[in-house]
Amino acid sequence: MTDLPAKPSPTDLRARIVAELARRLGGAVRSVAAHGGSFDEQELKRYALEAPAVRVVLVGMGRVGRYGTGEMIAPLHFAAVCVARDEAKPGVGVLNKDAACAALAASVSLIVDANRWGWGATPEGPGMVGAPLDLEARNEYSGSLDNKGVALWQVTWSHELRLGIDRNEALAALSQLFVNSEPFVGGADPVAHPAEPAP
């Protein structure tokens, strides 16, 4: 964990969650990866072939607030989408997709619970990432998913990310945001304007 950035961005945090889930789940899943957002039917068909699998989504960010010290904090909302299908295991028999997906979601929940992904409190300070809030797991069963031979659970939670005291520090913490192909940091104008031609 020595290679972790001192001040993680939201995508740094998502990458760390993916890496730690992959490490802790090990051979229980075929893949753990980041995902851009909601799932369409084609993606679900593809993930059914890779199941059991977990996809980690940075769902959104809540309103930026401040601690009493003036330091800004941003609540980040995450989801880990767990996908399973019926599968024959040598010496075990057929694993039922619904039971397998529920067990996978429970495992993900246990890993997420109280985890700050390497950015927790230390003797030097309070840490950059708060403990998980509002952790829950939900069965996303539908007849359409069942017909595709897929079970899906969603584990959701939030973390508070410390952003620093001034806006420039906050923008640095969010430095992986890009607008018009340019990093939006240091108070840069988010609207790219072409230079005026010289008279």
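For the structure, see preceding data.
Keep in mind the model is a prediction, meaning the values are calculated, not measured.

Asks: Any chance you could explain the packing of helix H1 (residues 10–25) against helix H3 (residues 97–112) here in plain terms?
Replies: Any two packed helices are characterised by the angle at which their axes cross and by the distance between the axes. Following both chains from N to C, one finds H1 and H3 inclined at 120°, their axes separated by 11 Å at the closest point. The angle between the axes of H1 and H3 places the two elements in the oblique class. Between H1 and H3 lies a crossing whose hand is right-handed. Where H1 approaches H3, its residues Leu21, Arg24 and Leu25 are matched on the opposing element by Leu104, Ser107, Val108 and Ile111. Looking at the contact of H1 with H3 residue by residue, the classes come out as five nonpolar, one polar and one charged.

Asks: For this particular structure, what's the right way to read the environment of Thr11?
Replies: Of note, Thr11 is situated in helix H1. Of note is the side chain of Thr11, whose polar atom sits 3.1 Å from the side chain of Ser9.

Asks: Got a minute to help me understand the state of the cysteines in this structure?
Replies: Here is the idea: a disulfide is a covalent bond, and it sits between the sulfur atoms of two cysteines. Scanning the model with the defined rule gives zero disulfides in all. Cysteine Cys82 shares no disulfide, and the gap to the nearest cysteine sulfur, in Cys101, comes to 5.7 Å. Of the residues examined, Cys82 reaches a relative accessible area of 0% and is grouped as buried. Judged by relative accessible area, which is 0%, Cys101 ranks as buried.

Asks: Can you help me understand the environment of Leu21 in this one?
Replies: With respect to the element layout, Leu21 can be found in helix H1. C-alpha of Leu21 to C-alpha of Ser31: the two residues are 10 residues apart in sequence and 9.8 Å apart in space. Leu21 has contacts with Gly26, Val32, Val54, Val56, Val108 and Ile111, leaving out every residue within four places of it along the chain.

Asks: Whenever I open this one, the packing of aromatic side chains confuses me. Can you help?
Replies: The geometry of an aromatic ring pair is captured by two quantities: the separation of the ring centres and the angle between the planes. The tally for this structure, following the rule as stated, stands at one aromatic pair. Each ring, one from Phe78 and one from Trp157, has its centre 5.8 Å from the other, and the planes form 20°; the classification is stacked. Of this pair, Phe78 sits in strand S4 (residues 72–84) while Trp157 sits in strand S8 (residues 151–164), and the two are 79 residues apart along the sequence. Across this residue pair, the class does not change: Phe78 and Trp157 are buried.

Asks: Explain unusual backbone geometry to me, please; I cannot follow it from the model alone.
Replies: Glycine aside, a negative phi is what most residues show, and trans is what most peptide bonds show. Residues Ala51 and Pro52 are joined by a peptide bond in cis, for which omega reads 0°. Relative to the helices and strands, Pro52 resides in the loop between helix H2 (41–50) and strand S2 (53–61). The phi dihedral of Asp134 is positive, around 55°, even though this residue is not glycine. Asp134 gets classed as exposed once you look at its relative accessible area, which sits at 68%.

Asks: What should I look at first to understand the nonpolar core in this one?
Replies: The nonpolar side chains of soluble globular proteins are, as a tendency, buried together. Grouped together as the largest cluster of nonpolar side chains are 33 residues, with contacts concentrated most on Leu13, Ile17, Leu21, Leu25, Val54, Cys82 and Val108. Counting residues per element, the ones that place at least two in this core are H1, S2, S4, H3 and S8. With seven residues, the single largest contributor to this core is S4. The contacts of Leu25, once residues within four sequence positions are left out, are Val32, Val54, Leu104, Ser107, Val108 and Ile111. By size, the runner-up hydrophobic cluster in this structure holds eight residues, among which are Ala48, Val81, Val150 and Leu152.

What counts and how
- Residues numbered from 1 in each chain as written.
- Predicted model: local features only at pLDDT ≥ 70, side-chain atom pairs only at ≥ 80, totals over all residues.
- Heavy atoms only, no water.
- Axes fitted to C-alpha atoms, helices over the stretch in contact; angles between N-to-C directions.
- Helix = DSSP H or I, 4+ residues; strand = E, 2+ residues; numbered from the N terminus.
- Parallel < 35°, antiparallel > 145°, perpendicular 65-115°, else oblique.
- Left-handed = near helix turned anticlockwise from the far one by under 90°.
- Contact = heavy atoms within 4.5 Å.
- Nonpolar A, V, L, I, M, F, W, Y, C, P; charged D, E, K, R; others polar.
- Polar contact = N/O pair within 3.5 Å; in protein donor to acceptor, adjacent residues only side chain to side chain.
- Disulfide = S-S within 2.5 Å.
- Buried < 20%, exposed > 50% of the residue type's maximum accessible area, 1.4 Å probe, protein only.
- Phe/Tyr/Trp six-rings, centres within 6.5 Å; stacked < 30°, edge-to-face > 60°.
- Core = buried A, V, L, I, M, F, W, Y, C linked by side-chain atoms within 4.5 Å.

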